[in-house]
Amino acid sequence: MISKKCLFAAALLLCWTSSVYAASVSAVKGTKVLINLEGDSASEGEEFYIINPDSRKKTAVIRIKQIKGDKALGEILKGRAESGFGLQAKAPTPISADVESSDSYSEAPKKRDSSSYLRTLKDSYGVVGGYLMNTMTADVSYKDGFGQSQKTSTSMSGSGFGVGGFYDYVLGNDFVGRGYAGIEQFNVSGSASAAACSSSTSCDANINYLSLYGLGKWYPLQSGAYRAWVGGGVGYLLALSKSSSALNQSQISTNQVFTFAVGLDIQRDRKNYIPISVEYNLFPASDTVKASMILIKAGWAWNL
């Protein structure tokens, strides 16, 4: 006569085998797994345990993302999978975070699903702060001790800060037009070989600009959370305040600049991203003055 223990063991084995599929993992790449269904049924969004065939322990939880014929593509939600491991049916859970922890799991790094980020460009706006590195060379006229007009040159450099806001308007799949307005500091100082700067060899120029820019941006790379771009445009700088021992007041006015930039948008989610850029502003050279600015900007932006 068959004992009750044998019947109980047989029942457990039957339950276990009934939930184990003939399907198996054929390849693993990162968090993606390729599955041979071997005739078993599965549907997109369904979750399975990955089973080590040797120890018969659960090593991972996966979710089916795509089915094509007798093949399926799954994503590892938790744990690890290897080629040759089997599948076991799992009751669906609302979100993968509800999966109970188990000592048999080997924790895998948590990654955001690609659906957490925008796959296409959208109109957006944001605020940025910037660090500015400025350079200027200028020819300075002065009178020597005999009252004769003389000329010398000075090379100056310095740094400043800026803050402003922008609006990005999508022009195409990979193209965006940006309008930017802000306050920027152009501070430089240096020395001259003669006492040409207000009777001193120390020369400087300190200008606060109201800056307006128009920029065209092209996105050659849009991958997951990162979107890289290059661009160029023009800017108009209106001097709000100015002082200089190297330049005449008439030389400090509204300036037009040509700007070239590279940038990176780091998406935090579908609504927000971090805009980072490095920009180069070139002032049109005159007979006496040449100047340029390098701007490093970062901030926070909202998609519309």
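Look a little higher up for the structure.
Note that this is a predicted model, so its numbers are computed, not measured.

Undergrad: Can you explain the overall build of the protein? Please cite residues and give values.
TA: Looking only at helices and strands, one finds 1 helix and 14 strands in the protein. For the protein, the residues scored as buried account for 35% of the 304 residues in total. Expressed as a percentage of contacts within the protein between residues at least 6 apart in sequence, the contacts between residues at least 24 apart total 63%. In the form shown here, the protein has an accessible surface area of approximately 16,900 Å², with 57% of it arising from carbon and sulfur atoms.

Undergrad: Just give me the short version of the pattern of salt bridges, but keep the residues and values in it.
TA: Enumeration according to the criterion identifies 8 salt bridges in this entry. Note that Arg-80 and Glu-82 form a salt bridge whose closest N and O atoms lie 2.7 Å from each other. The partly exposed category is assigned to Arg-80, whose relative accessible area is 35%. Residues participating in the shared-partner salt-bridge network are Asp-168, Arg-178 and Lys-217.

Undergrad: Let's hear about a positive patch on the surface: which residues, and what values?
TA: Together, Arg-119, Lys-122, Arg-270 and Lys-271 line one region of the surface with positive charge. By the element assignment, Lys-122 lies in the loop between strand E6 (86-89) and strand E7 (124-143). Assessed through its relative accessible area of 38%, Lys-122 is described here as partly exposed.

Undergrad: Explain the side chain of Arg-227 to me, using residue names and the numbers behind them.
TA: By secondary structure assignment, the location of Arg-227 is in strand E11 (residues 226-244). Leave out the neighbours within four places in its chain, and Arg-227 touches Leu-118, Thr-120, Leu-121, Tyr-219, Leu-221, Gln-222, Gly-263, Leu-264, Asp-265, Gln-267, Tyr-273 and Asn-303.

Undergrad: A description of the state of the cysteines should follow, citing residues and the corresponding values.
TA: Applying the stated rule across the entire model yields 1 disulfide. There is a disulfide in this structure between Cys-197 and Cys-203, and the S-S distance comes to 1.9 Å. The sign of the S-S torsion, about 85°, decides the handedness of the disulfide formed by Cys-197 and Cys-203: right-handed. Owing to a relative accessible area of 1%, Cys-197 belongs among the buried residues under this scheme.

Undergrad: Let's hear about the sheet that holds strand E13 (residues 272-282): which residues, and what values?
TA: Strand order in the closed barrel formed by 8 strands is E7-E8-E9-E10-E11-E12-E13-E14, with antiparallel pairing between adjacent strands. Along the sheet, successive strands turn relative to each other by an average axial angle of 20°, direction set aside. The sheet contact formed by E7 and strand E8 (residues 149-170) spans 20 bridges and is antiparallel. Its bridge partner lying in E8, Val-127 is registered against Gly-165.

Undergrad: Describe the packing of aromatic side chains, with residues and values.
TA: Under the defined criterion, the tally for this structure stands at 4 aromatic pairs. Ring geometry for Tyr-125 versus Trp-302: centroids 5.4 Å apart, planes at 20°, classification stacked. In this pair, Tyr-125 is assigned in strand E7 and Trp-302 in strand E14 (residues 289-303), connecting sequence segments 177 residues apart. You can call Tyr-125 partly exposed: its relative accessible area is 37%.

Undergrad: Explain the nonpolar core to me, and be specific about the residues and the numbers.
TA: Residues Met-136, Met-156, Phe-186, Leu-237, Leu-247, Phe-283 and Met-293 are the most contacted members of the largest nonpolar core, which totals 30 residues. The set of elements that each furnish at least two residues to this core consists of E7, E8, strand E9 (175-192), strand E10 (202-223) and E14. Dropping the residues within four chain positions of it, Leu-247 is found in contact with Met-136, Ala-138, Ala-205, Ile-252 and Val-289.

Undergrad: Provide a residue-level description of the environment of Val-234, including the pertinent values.
TA: Checked against the element boundaries, Val-234 lands in strand E11. On the basis of relative accessible area, Val-234 is assigned to the partly exposed category, the value being 31%. For the pair formed by Val-234 and Phe-258, sequence separation is 24 residues and the distance between their alpha carbons is 4.6 Å. Setting aside residues no more than four positions away along its own chain, Val-234 makes contact with Leu-212, Tyr-213, Gly-214, Gln-256, Val-257, Phe-258 and Thr-259.

Criteria and cut-off values
- Residues numbered from 1 in each chain as written.
- Predicted model: local features only at pLDDT ≥ 70, side-chain atom pairs only at ≥ 80, totals over all residues.
- Heavy atoms only, no water.
- Helix = DSSP H or I, 4+ residues; strand = E, 2+ residues; numbered from the N terminus.
- Buried < 20%, exposed > 50% of the residue type's maximum accessible area, 1.4 Å probe, protein only.
- Contact = heavy atoms within 4.5 Å.
- Areas by Shrake-Rupley, 256 points an atom, 1.4 Å probe, with all protein chains shown as cover.
- Salt bridge = Lys/Arg side-chain N within 4 Å of Asp/Glu carboxyl O.
- Patch = residues over 30% accessible without salt bridge, like charges linked within 9 Å, V, L, I, M, F, W, Y side chains within 5 Å.
- Lys, Arg positive; Asp, Glu negative; His and termini not counted.
- Charge placed at Lys NZ, Arg CZ, Asp CG, Glu CD.
- Disulfide = S-S within 2.5 Å.
- Pairing = 2+ DSSP bridges.
- Axes fitted to C-alpha atoms, helices over the stretch in contact; angles between N-to-C directions.
- Phe/Tyr/Trp six-rings, centres within 6.5 Å; stacked < 30°, edge-to-face > 60°.
- Core = buried A, V, L, I, M, F, W, Y, C linked by side-chain atoms within 4.5 Å.

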